Amino acid sequence: MTLNKLKPLAWSLMLGMGVLAGTCQAHAAATTEQAAQSGNVLRATLDNGLRVVIVHDKLAPMVTTQITYLAGGYQTPKGFPGTAHALEHMMFRDSAGMSGAQLNEMTGKMGGDNNAFTTNDATQYYFVAPSAYLDVLLHIEATRMRGAKMTDKDWALEKGAIEQEVSRDISDPGFLAFEKAEGLLYAGTGYEADPLGTRPSFDATTSQVLHKFYNDWYTPNNAIFVIVGDVDPQATLGKVKALFGSIPRSETPARTPAKLQTFAAQTLHNTTPDATGSVQFLYRMPGMKSDDFAAASVLMDVLNNARSELSELAAQGKVLSADAQVQPFSLGGIGVIEAGFPKGGDAAQAQAHLDGVIAAMLKDGVSADLVDAAKRSEQAQFGFSKNSAVNLASSWSQALAWQGLDSPEEAERQIQNVTVDDVNRVAREYLKHDQRVTVVLTPDPNGKRPPDSNGFGGSESFGGDDKLDVPLPDWAAKALSKLDMPHWTLDPVKMTLDNGITLIVQPESTSKTVTVVGHVDHNDDLQEPQGQDGVGKLLGSLFDYGSTHLDRTAFHKALDGIAATQSGGADFRLAVPSAHFDEGMQLLADNELNPALPQDAFNVQQQTLARTLAGELESPQYKMFHALFTGLYPAGDPALRQATPASVGKLQLQNAKDYFARTYRPDMTTIVVVGDVTPDQAKTTVQKYFGKWEAAGAKPDVISKPVPLNPASYVVVPNAYASQDQVLIGQTLGLNMHNPDRYALELGNDVLGGNGFASRLMVDVRVRHGFAYGASSGMSFDRSRSLFYIQYGSDAGKVAPVDDLVRQNLDAMRNTAVTPAELTNARQYQIRSIPVQVSSVDGIARSLLSWSWHGEPLDQPMVAAKYYLNLTAAEVQNAFKKYLKPQNMTQVVQGPAPAKH
């Protein structure tokens, strides 16, 4: 369960999940049921007012459902700012005819994923699952729409959990600063308080408060239901009518308009544990329903263009980073323009640079060329949204539920109608010096924990008596009883070019776009010369500066001209409309094979990396992972090499050039092409632009040597800002990814802690005992080394009892066979989730690339599935007993005060 909130230095709008704030007026008057189909899109409004959009998407045998209730933080009652967020949590508890435990069990058995997010103006619940289980998803949402119980008992249990979630966020100084700025910019409106909520508001909240909010806003006529995937639209609409049609409509409360107040510009100062600091200008912006929203979107695109004066601040080394982003609301928004500075750097100078860029733009106007580039990019992204059922569903949800528009196409038309004059007018109206809040976050590892966090994080028990393996509702039991091998939809063509490049092509016709991903197999830990730690990372930062044929400005202008996005380096990527595939590949190859590597850019990036590392090496997060890996790997192991400001400062441009010549080789490179292209066309184009690339000398050894089992260790990393302890526990595993024992370990890990709320750790640590908001386990298998890890967050006083539960569960996995029901659930999750793993063009491309360069077959999930089907409980137990060694675990605790072990 997540909240949509922009945290400075991290754009928190979730691409692919449509997390955009907004609201849309519910239809209160009676309607006559109507439906209309156009191409692969079927739209209907039921008699009770529920608006339904069903899109047939054949990319993969999966489906996503997104049901959005047009009520969020803005609609919460005065004094109860977290009500919408609290209700979101309660929707995962018991409903009439479906318990929370059953919901968790069904999600795992389907091989699906579900979650929800609360925004200022709306709340969305979403599922992703194989399309064979559409009926189950529809039953779940119909049950929750009007059947949520929200008992006093359940709220008493959930309140502690939600307070732990709040505790994590209020430990982030960036979030706290944004929250305060939001209150200043939107004082007296529903946007004044963040929808996250506060402890006082939750302490005052009762189940009656939640019931009232639920009854007021969670009605079919205040909801939009979007379904996208490999489904029959007409048949699906019939099922929606049968399950949702009898739910009565009800009138929603009147919506309060946002009346903005005048405010005095001010500056907020805070310290941060992050490696670098930032100066941020926060402005009111047009809302998503405003006629100026499209122009504001183009304005942000212009500011973020690689050729903009804002981006040039970082490219020229005047600041560490620079970007612009917006947190949109329905009736307003917050624009953030920021620049990063190093620990010990000059925040005032960074602010002066930002002021200079904005003042020049307001005086001289935006570039017409950059406005055209932004509009081309937006049009291309509209096409790319069709490459994922989730993204496509999100574009519909955003347009209808948050923007109040008729379709995503209408949103795109608004963008294309924006003029240069529109952008200049919006910039001059909203980006005024005296109408902003300035936030300055200064790096300092010795800050103070926010006073409001005292008592948060598990101070109340939120344990319950939910358990695993509960009987399912009749409408789910039959659908989930039989386990079949999934339908594998990929049929890639793999070939090796004359110079050794591995080329993989997967044609897909979902959109007129092509996605290219590539990887140069390398290992900086092994290949960087002694005394040159960091040369690989520094080299990677220089690809942004163009090629020997096109300097940075000309190179990015060429990309803008074909609406392509591209990045170079050891991991490279191109996303381009298929009409410009040839031009895009020419630019990609030119950048990848002939990077400019200019001396002035080297100087800038060398200083940027050194100054960033100076803060990073002192940050609690770095110290935590450094302690973990120091515990896992033997002294002197290449994995423990660390670039420092001193090592980076000694590097010369020739070092980067030499490293490029040795490391970037065609016979170590894999390129994957997915989209509107044939294998022959892709081969011809790749050969045309990459074919003259040649390798010299023997292939380097890039696979690290295996390591022995690590000894036990325990390290505490102080974090003065934290209100909770963050805990990592891990050990090395004595096998690699090609050992079939990994499949028994993966099945067992799903039982232990890899399957969310349906796992033993989550039930034991959170549900039964209430010691932590969550606990999970995972495994990472590589070509020579593998790791097992457990992670959780809790009050410092709860670390010891959680550790005891962790070890009890590890011992149980080693000494006792998992139950038949647990083994079945794990099999079902692993096998049924296969279509979801490759349900987008990006997912397909990334998966094919990873499988190939790791030496795995291109149908690796199906290979794994055969093992999963035949593994026994005894084999799972034996694998855990052989490889998992609780007495050898290394543990790192990052938190507000030293914990006792």
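Just so it is clear, the model here is predicted, and its values are computed rather than measured.

## Concerning the overall build of the chain
Then comes step 1: In terms of regular secondary structure, the chain is built from 33 helices and 24 strands.
Then comes step 2: Each principal axis of the C-alpha atoms in the chain carries an extent, and together these give about 70 × 70 × 60 Å.
Then comes step 3: Pairs at least 24 residues apart make up 83% of the contacts formed inside the chain by residues separated by at least 6 positions.
Then comes step 4: For the chain, the distance from the average position of its 76 positive side-chain charges to the average position of its 97 negative side-chain charges is 2 Å.

## A look at the nonpolar core
Then comes step 1: Leu745, Phe788 and Leu884 are the most contacted members of the largest nonpolar core, which totals 60 residues.
Then comes step 2: With near-sequence residues (within four places) excluded, Phe788 lies in contact with Ile729, Gly730, Gln731, Leu733, Asn749, Leu752, Ser777, Gly778, Met779, Leu810, Leu884 and Met889.

## Examining the sheet that holds strand β19 (residues 669-675)
Then comes step 1: Here 6 strands make up an open sheet; going across it, the order is β14-β15-β19-β16-β18-β17 and the pairing mixed. Unpaired on one side and paired on the other, β14 (493-496) and β17 (565-567) mark the two borders of the sheet. Strand-to-strand, the axes of this sheet are offset by a mean angle of 15°, without reference to chain direction.
Then comes step 2: In terms of strand pairing, strand β16 (residues 513-520) meets β19 through 7 bridges, oriented antiparallel.

## Side note on the environment of Pro577
Then comes step 1: Topologically, Pro577 is positioned in strand β18 (residues 571-577).
Then comes step 2: According to the relative accessible area criterion, Pro577 is buried, its value standing at 17%.
Then comes step 3: Put simply, Pro577 and Gly383 are 194 residues apart on the chain and 8.1 Å apart in space, counted from C-alpha to C-alpha.

## Focus: the pattern of salt bridges
Then comes step 1: Tallying each qualifying case throughout the model produces 31 salt bridges.
Then comes step 2: Put simply, Arg144 and Glu141 hold a salt bridge, and the shortest N to O gap is 3.0 Å. One end of the pair is Arg144 and the other is Glu141, both in helix α3 (residues 134-147) and 3 residues apart, which spans about a single turn. The exposure classification of Arg144 matches that of Glu141, with both residues buried.
Then comes step 3: For Arg425, the salt bridge goes to Asp292, with nearest N and O atoms at 2.9 Å. Residue Arg425 is found in helix α15 (residues 420-430), and its partner Asp292 is found in the loop between β10 (276-284) and α9 (293-304); the two are separated by 133 residues along the sequence.
Then comes step 4: On the basis of relative accessible area, Asp292 is assigned to the buried category, the value being 14%.

## Some details on the sheet that holds strand β21 (residues 725-733)
Then comes step 1: What the 5 strands build is an open sheet, ordered β20-β24-β21-β23-β22; its pairing is mixed. Each edge of the sheet is formed by a strand with only one pairing partner; in this case those strands are β20 (713-718) and β22 (772-781). Neighbouring strand axes in the sheet, compared pairwise and without regard to direction, differ in orientation by 15° on average.
Then comes step 2: Sheet topology note: the β21/strand β23 (residues 786-794) ladder contains 9 bridges and is antiparallel. Considered in β23, the bridge of Gln726 is made with Gly793.
Then comes step 3: Running over the sheet, helix α4 (residues 152-169) touches β22 and β23 and is turned about 65° from β22.
Then comes step 4: Across the face of the sheet, helix α28 (residues 799-815) comes into contact with β20, β21, β23 and β24 (890-895) while running at roughly 145° to β23.

## What to know about the environment of Pro195
Then comes step 1: As for its position among the elements, Pro195 is in the loop between α5 (173-185) and α6 (199-204).
Then comes step 2: Judged by relative accessible area, Pro195 falls into the buried class, the value being 0%.
Then comes step 3: Note: C-alpha distance between Pro195 and Thr83 (112 residues apart in sequence) is 7.8 Å.

## With respect to the layout of surface pockets
Then comes step 1: Estimates place the volume of the largest pocket at around 610 Å³.
Then comes step 2: Lining the largest pocket are 27 residues; nearest its centre among them are Tyr74, Thr76, Pro77, Lys78 and Gly190.
Then comes step 3: In terms of residue class, the lining of the largest pocket is built from 12 nonpolar, 9 polar and 6 charged.

## Quick look at the packing of aromatic side chains
Then comes step 1: Following the criterion strictly, the structure yields 24 aromatic pairs and no others.
Then comes step 2: Look at Phe92 and Tyr125: their rings are 6.2 Å apart centre to centre, the planes differ by 45°, and that puts the pair in the tilted class. One end of the pair, Phe92, is in the loop between α1 (83-90) and α2 (100-110); the other, Tyr125, is in strand β7 (residues 123-130), with 33 residues separating them in the sequence.
Then comes step 3: Overall, Phe92 belongs to the buried group, its relative accessible area being 13%.
Then comes step 4: Given a relative accessible area of 0%, Tyr125 falls into the buried group.
Then comes step 5: An aromatic cluster is present here, built from Tyr69, Phe92, Tyr125, Tyr214 and Tyr218 joined pairwise through their rings.
Then comes step 6: Just above the ring of Tyr214 sits the side chain of Arg146; from NZ or CZ to the centre is 4.4 Å.

## Section: the packing of α1 against helix α7 (residues 207-217)
Then comes step 1: Interaxial distance between α1 and α7 falls to 10 Å at its minimum, and their mutual angle equals 90°. Taken as axis vectors, α1 and α7 run roughly perpendicular relative to one another. Listed contacts from α7 to Thr83, Ala84, Ala86, Leu87 and Met90 of α1 are Val209, Leu210, Phe213 and Tyr214.
Then comes step 2: Of the residues that constitute the contact of α1 with α7, the class distribution is 8 nonpolar, 1 polar and no charged.

## Quick word on the pairing of strand β2 (residues 34-38)
Then comes step 1: Judged from the 5 bridges that link them, β2 and strand β3 (residues 41-45) form a sheet pairing that is antiparallel. Within the sheet, the bridge partner assigned to Gln34 lies in β3 and is Thr45.
Then comes step 2: Connecting the antiparallel pair β2 and β3 is a turn made up of 2 residues, with Gly39 showing a positive phi of about 65°.

## A look at the confidence of the model for the chain
Then comes step 1: Overall, the predicted model of the chain reaches an average pLDDT of 92, with 93% of residues at or above 70.
Then comes step 2: Per-residue pLDDT stays below 50 along residues 2-31; that stretch engages in 129 contacts with residues further than four places along the chain or on separate chains.
Then comes step 3: Predicted confidence is poor over residues 453-464, with pLDDT under 50, and the contacts of this stretch with residues over four places away or in other chains come to 50 contacts.

## Some points on helix α20 (residues 581-593)
Then comes step 1: Taking 1.5 Å as the rise per residue, α20 with 13 residues should run 18 Å; its terminal C-alpha atoms sit 18 Å apart, in good agreement.
Then comes step 2: Among the 13 residues that make up α20, 10 are buried, leaving the element largely enclosed by the rest of the structure.
Then comes step 3: Within the span of α20, buried status applies to Phe581, Gly584, Met585, Leu587, Leu588, Ala589, Asp590, Asn591, Glu592 and Leu593.

## Remarks on α4
Then comes step 1: For α4, with 18 residues, the first-to-last C-alpha span of 26 Å sits near the 26 Å given by 1.5 Å per residue.
Then comes step 2: The buried count for α4 comes to 14 of 18 residues, which makes it a mostly enclosed element.

## Digging into unusual backbone geometry
Then comes step 1: Even without a glycine there, the phi angle at Met150 is positive, about 50°.
Then comes step 2: Here Met150 lies in the loop between α3 and α4.
Then comes step 3: In this model, Ala563 sits at a positive phi of 55°, which is unusual for a non-glycine residue.
Then comes step 4: Looking at the element boundaries, Ala563 is found in the loop between α19 (552-561) and β17.
Then comes step 5: The class for Ala563 is buried, based on a relative accessible area of 14%.

Calculation rules
Residues numbered from 1 in each chain as written. Predicted model: local features only at pLDDT ≥ 70, side-chain atom pairs only at ≥ 80, totals over all residues. Heavy atoms only, no water. Helix = DSSP H or I, 4+ residues; strand = E, 2+ residues; numbered from the N terminus. Contact = heavy atoms within 4.5 Å. Lys, Arg positive; Asp, Glu negative; His and termini not counted. Charge placed at Lys NZ, Arg CZ, Asp CG, Glu CD. Core = buried A, V, L, I, M, F, W, Y, C linked by side-chain atoms within 4.5 Å. Buried < 20%, exposed > 50% of the residue type's maximum accessible area, 1.4 Å probe, protein only. Pairing = 2+ DSSP bridges. Axes fitted to C-alpha atoms, helices over the stretch in contact; angles between N-to-C directions. Salt bridge = Lys/Arg side-chain N within 4 Å of Asp/Glu carboxyl O. 1 Å grid on protein atoms, 1.4 Å probe; cavity = no way out; pocket = protein on both sides within 12 Å on 5 of 7 lines; lining within 4 Å. Points joined across faces, edges and corners; volume = space filled by probe spheres on them. Nonpolar A, V, L, I, M, F, W, Y, C, P; charged D, E, K, R; others polar. Phe/Tyr/Trp six-rings, centres within 6.5 Å; stacked < 30°, edge-to-face > 60°. Lys NZ or Arg CZ within 6 Å of the ring centre and 35° of its normal. Parallel < 35°, antiparallel > 145°, perpendicular 65-115°, else oblique. pLDDT = per-residue confidence, 0-100. Expected span 1.5 Å × (residues − 1).

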